[in-house]
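# Tertiary structure, described
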Amino acid sequence: MGIYEAIKETIKEAMKARDGKTLNFARVVKAELDRKGDGKPLPDAEAVKVLKALKEIALEQGNQFEVAFLDRFLPKEMSEEEIEAWIRENVDLSQFKTPLAAIGAVTKALGPKAPGEKVRRVIERLAR
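Residues numbered from 1 in each chain as written. Predicted model: local features only at pLDDT ≥ 70, side-chain atom pairs only at ≥ 80, totals over all residues. Heavy atoms only, no water.

The chain has the name GatB/YqeY domain-containing protein in an unreviewed UniProt entry, where Thermus thermamylovorans is given as its organism.

### Topic: the pattern of salt bridges
Counted by the stated rule, this structure contains 12 salt bridges. Residue R35 is joined to E32 by a salt bridge in which the shortest nitrogen-to-oxygen separation is 2.6 Å. Taken as a pair, R35 and E32 lie in helix α2 (residues 20-36) at a separation of three residues, close to a single helical turn. With a relative accessible area of 52%, R35 lands in the exposed category. Where E124 meets R120, a salt bridge forms, and the shortest distance between an N and an O atom there is 2.7 Å. One end of the pair, E124, and the other, R120, are both in helix α7 (residues 116-127), four residues apart, so they sit about a helical turn from each other. (Salt bridge = Lys/Arg side-chain N within 4 Å of Asp/Glu carboxyl O. Helix = DSSP H or I, 4+ residues; strand = E, 2+ residues; numbered from the N terminus. Buried < 20%, exposed > 50% of the residue type's maximum accessible area, 1.4 Å probe, protein only.)

### So, the packing of aromatic side chains
Scanning the entire structure with this criterion turns up two aromatic pairs. Where F25 meets F69, the ring centres are 5.3 Å apart and the plane angle is 85°; that geometry is what we call edge-to-face. Placement of the pair is F25 in helix α2 and F69 in helix α4 (residues 64-73), with a sequence separation of 44 residues. Here F25 and F69 have matching classes, each one buried. Centroid distance F69 to F73: 5.1 Å. Interplanar angle 55°. Geometry classified as tilted. Of this pair, F69 and F73 both sit in helix α4, four residues apart, roughly one helical turn. Considered together, F69 and F73 belong to a single accessibility category, that of buried residues. Here the aromatic residues F25, F69 and F73 are joined through ring pairs into a cluster of three or more. One cation-aromatic arrangement involves K21 over F65; the distance from NZ or CZ to the ring centre is 4.6 Å. (Phe/Tyr/Trp six-rings, centres within 6.5 Å; stacked < 30°, edge-to-face > 60°. Lys NZ or Arg CZ within 6 Å of the ring centre and 35° of its normal.)

Structure representation (structure tokens):
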């Protein structure tokens, strides 16, 4: 089940449980996803970007409920050690003009589990 579908399911569950707080925020999140997707379900990679932006706003406002809600749907990020192990196993850094040119290929392959900044730090460490 994708993020969009999971949010829709959460709305149904919150309605059944009469959980107004969860229902209202889930509807806000779904509306934002709908807005970004022009009414179509967003692919998970795009949905993650929207959820991360919403999480930043919730963190700035100190709203722990919203942060916890969004964390339920955001994929767990890989640790730098996990990213390094994946790179060592799957990427030949010598095939790129510079090691940092591999960032795009790694982030594309790993998706939202490996943010670009973490991948950059790992590759810089490996290139030394």
